[in-house]
Amino acid sequence: MLFKKNFGKREVPELNTTSTADISFMLLILFLVTTSMDRNFGLPYQLPKPAPENLGRVEKVVDRRNVFEIDILDDGTILHNEEEVEVDGLCASMKEFIMNPKHDENLSESPAKHIIMIKASDEAKYETYFAVENQVVNAYKQLRNEAARKRFGKAYNDLNERQLKTIDEAIPQRVAEP
């Protein structure tokens, strides 16, 4: 006797998907919490107050020897005093320039008269410009930290407001972008 095979419809077992949404949200939160975000570097800018309308444009005459000029060209080349330089070498050069007492013969070891001028061409890459700005920030940060340790015996970030103001006045951040 031949056996008949039962080819009837079989039920497919159901999957319980109620916890799928919970698991996906927990994974999303896990990735958001554990992923590191890029921090922005660069100069903190505070825009000046608008000048009164009756006041015309005022231009200051600055002695050339007080200006540390940085040019960023289209191809990413960085020039200082019309000589090509590497980004990594800018910080040390700027520190030496800022603390140079020969900016003004009337001042003795005062960096108050210097200006760091950054000129970037319109086609320059933002990454190059950002790297130059970071070098400027590092130069000021290192100089202010050294001055704080020398004068108050502690790091710049550990100073109180009065001490911070003293160091900021001694080493002002003077950056120009024409």
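Preceding this paragraph is the structure being described.
Residues numbered from 1 in each chain as written. Predicted model: local features only at pLDDT ≥ 70, side-chain atom pairs only at ≥ 80, totals over all residues. Heavy atoms only, no water.

Chemist: Please provide a residue-by-residue account of the packing of aromatic side chains, values included.
Modeler: Overall, the coordinates contain three aromatic pairs when judged by the stated rule. When the centroid spacing of 5.3 Å and the interplanar angle of 55° are considered together, the rings of phenylalanine 68 and phenylalanine 97 count as tilted. Taken as a pair, phenylalanine 68 in strand β1 (residues 67-72) and phenylalanine 97 in helix α2 (residues 87-98) lie far apart in primary sequence, 29 residues in all. This pair shows no difference in class: phenylalanine 68 is buried, exactly as phenylalanine 97 is. Ring pairing ties together the aromatic residues Tyr126, Tyr129 and Phe130, which thus form one cluster. (Phe/Tyr/Trp six-rings, centres within 6.5 Å; stacked < 30°, edge-to-face > 60°. Helix = DSSP H or I, 4+ residues; strand = E, 2+ residues; numbered from the N terminus. Buried < 20%, exposed > 50% of the residue type's maximum accessible area, 1.4 Å probe, protein only.)

Chemist: So what's going on with the side chain of glutamate 69? Which residues, and what values?
Modeler: Structurally, the position occupied by glutamate 69 is in strand β1. Given a relative accessible area of 12%, glutamate 69 falls into the buried group. Once you skip the residues sitting within four places of it in the chain, glutamate 69 turns out to touch Arg64, Leu79, His80, Asn81, Met117 and Lys119. (Contact = heavy atoms within 4.5 Å.)

Chemist: So what about the pattern of salt bridges? Which residues, and what values?
Modeler: Evaluated as defined, the whole model comprises three salt bridges. Of the charged contacts, one joins lysine 95 and glutamate 146 as a salt bridge, the two residues approaching to 3.1 Å between their closest N and O atoms. With lysine 95 in helix α2 and glutamate 146 in helix α3 (residues 126-152), this residue pair connects regions lying 51 residues apart in the sequence. The class of lysine 95 is buried, set by a relative accessible area of 19%. Here aspartate 168 makes a salt bridge to arginine 144, at a shortest N to O gap of 3.5 Å. Separated by 24 residues along the polypeptide, aspartate 168 in helix α4 (residues 161-170) and arginine 144 in helix α3 bring together distant segments of the chain. Accessibility expressed as a relative area gives 29% for aspartate 168, which makes it partly exposed. (Salt bridge = Lys/Arg side-chain N within 4 Å of Asp/Glu carboxyl O.)

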